[in-house]
Amino acid sequence: GAVVSQHPSWVICKSGTSVKIECRSLDFQATTMFWYRQFPKQSLMLMATSNEGSKATYEQGVEKDKFLINHASLTLSTLTVTSAHPEDSSFYICSGTPLYQETQYFGPGTRLLVL
Amino acid sequence: GENVEQHPSTLSVQEGDSAVIKCTYSDSASNYFPWYKQELGKRPQLIIDIRSNVGEKKDQRIAVTLNKTAKHFSLHITETQPEDSAVYFCAATSSNTGNQFYFGTGTSLTVIP
């Protein structure tokens, strides 16, 4: 199956700092990547859809100025949490969809803890 | 937009028994239905999927059935094993929504040895 990596896997930072999370498709090209947030014992909550070379589409209630998404190539998308606060602490997961497919393949997730 | 409901939220079965998880969807345009397994702290992994032109698909101990008329699809796991214990998510999508997945709320499956 297609492989997606995510880096870092763990981040602990102070309130007010920015954190960048990278999502890479290792063995396929992903025209579309998705960013999710998952709270304990809950489902995946879509934050934004990222298309290569264009601006991300954010879901209602997700602040685009706080969660900056860049999809600069067919294998890399980044999520930057700007001026992070404790309420941003969560598990962030990305996924990618290979060309001409519908299946999403997920990264291993990044656990963010903001102190 | 699409709305996916999943039941039950928790399920406990004895090892060797079968487990069934059901999902319903609202958008008749949805045409692709994947199922994911997520172990604690790990990524969701695709275990089986089905497209709307097929009524049933099987892969060893796992099967998925789809009833387009009733807009529901189900995951069937036979001869359950302790390693099947995890949270299972169903999803629905269509090209009309840019292949955005609409996830169910998840089912926590526990297989008791």
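Notes on the structure follow. From a predicted model like this one, the values you see are computed outputs, not experimental measurements.

Rules and cut-offs
Residues numbered from 1 in each chain as written. Chains lettered and ligands numbered in written order. Predicted model: local features only at pLDDT ≥ 70, side-chain atom pairs only at ≥ 80, totals over all residues. Heavy atoms only, no water. Disulfide = S-S within 2.5 Å. Helix = DSSP H or I, 4+ residues; strand = E, 2+ residues; numbered from the N terminus. Buried < 20%, exposed > 50% of the residue type's maximum accessible area, 1.4 Å probe, protein only. Contact = heavy atoms within 4.5 Å. Buried area = accessible area lost by both parts, 1.4 Å probe. Salt bridge = Lys/Arg side-chain N within 4 Å of Asp/Glu carboxyl O. Nonpolar A, V, L, I, M, F, W, Y, C, P; charged D, E, K, R; others polar. Pairing = 2+ DSSP bridges. Axes fitted to C-alpha atoms, helices over the stretch in contact; angles between N-to-C directions. Phe/Tyr/Trp six-rings, centres within 6.5 Å; stacked < 30°, edge-to-face > 60°. Lys NZ or Arg CZ within 6 Å of the ring centre and 35° of its normal.

**Focus on the state of the cysteines**
All names here are of chain A.
Turning to step 1, where the next piece is worked out: Evaluated as defined, the whole model comprises 2 disulfides over all chains.
Turning to step 2, where the next piece is worked out: Sulfur-sulfur distance for the disulfide between cysteine 23 and cysteine 94 comes to 2.0 Å. Note on the cysteine 23 and cysteine 94 pair: the S-S dihedral is about 85°, so by sign convention the disulfide is right-handed. One end of the pair, cysteine 23, is in strand 3 (residues 19–25); the other, cysteine 94, is in strand 9 (residues 90–98), and 71 residues separate them in sequence.
Turning to step 3, where the next piece is worked out: Using a relative accessible area of 0% as the deciding quantity, one classes cysteine 94 as buried.

**Side note on the interface of chain B and chain A**
Frequently, the measure chosen for interface size is the accessible area that the parts lose on association.
Turning to step 1, where the next piece is worked out: Counting residues at the interface gives 18 residues for chain B and 19 residues for chain A.
Turning to step 2, where the next piece is worked out: A buried area of about 1,500 Å², summed over both sides, lies between chain B and chain A, and 52% of it is on carbon and sulfur atoms.
Turning to step 3, where the next piece is worked out: Looking only at chain B, the three residues that lose the most surface to chain A are B:Arg43, B:Gln100 and B:Phe103, adding up to 33% of its buried area.
Turning to step 4, where the next piece is worked out: Taken together, the links from chain B to chain A amount to 1 salt bridge.
Turning to step 5, where the next piece is worked out: Mapped by element, the contributors of at least two residues to the side of chain B that touches chain A are strand 4 (32–38) and strand 5 (44–51) of chain B.
Turning to step 6, where the next piece is worked out: Considered class by class, the residues forming the side of chain B that touches chain A number 7 nonpolar, 7 polar and 4 charged.

**A few points about the sheet that holds strand 8 (residues 72–77) of chain B**
Residues and elements named next belong to chain B.
Turning to step 1, where the next piece is worked out: The 5 strands lie next to each other as 1-3-8-7-6, forming an open sheet whose pairing is antiparallel. In the strand order of this sheet, the two ends are held by strand 1 (4–7) and strand 6 (56–59), each with one partner. Here the strands of the sheet are splayed against their neighbours by 15° on average, with no regard to which way each runs.
Turning to step 2, where the next piece is worked out: Relative to strand 8, strand 7 (residues 62–67) runs antiparallel, the two sharing 6 bridges. Bridge pairing in strand 8 links valine 64 to leucine 75.

**Topic: the sheet that holds strand 7 (residues 67–73) of chain A**
Residues and elements named next belong to chain A.
Turning to step 1, where the next piece is worked out: Judged by pairing direction, the sheet is antiparallel, and its 4 strands sit side by side in the order 1-3-8-7 without closing on themselves. Taken across any chain shown, the strands that pair with only one partner, and hence form the sheet edges, are strand 1 (4–7) and strand 7. Each strand of the sheet is rotated relative to its neighbour by a mean of 15°, with strand direction disregarded.
Turning to step 2, where the next piece is worked out: With 5 bridges connecting them, strand 7 and strand 8 (residues 76–81) associate as antiparallel partners. Bridge assignment links leucine 68 to a residue of strand 8, and that residue is threonine 80.

**Some words on the packing of aromatic side chains**
Turning to step 1, where the next piece is worked out: Summed over all chains, the structure comprises 16 aromatic pairs over all chains.
Turning to step 2, where the next piece is worked out: Measuring from centroid to centroid gives 5.2 Å for A:Phe106 and B:Tyr36, while their planes differ by 90°, and the two rings are edge-to-face. Here A:Phe106 is found in strand 10 (residues 105–106), whereas its partner B:Tyr36 is found in strand 4 on a different chain. The burial state of A:Phe106 is the same as that of B:Tyr36; both residues are buried.
Turning to step 3, where the next piece is worked out: Aromatic rings pair up to connect A:Phe34, A:Tyr36, A:Phe106, B:Tyr32, B:Tyr36, B:Phe89, B:Phe101 and B:Phe103 into one cluster.
Turning to step 4, where the next piece is worked out: If you follow A:Arg111 out to its NZ or CZ, it ends over the ring of A:Trp10, 6.0 Å from the centre.
Turning to step 5, where the next piece is worked out: Here the basic side chain of A:Arg111 rests over the ring of A:Phe91, its NZ or CZ set 4.4 Å away from the ring centre.

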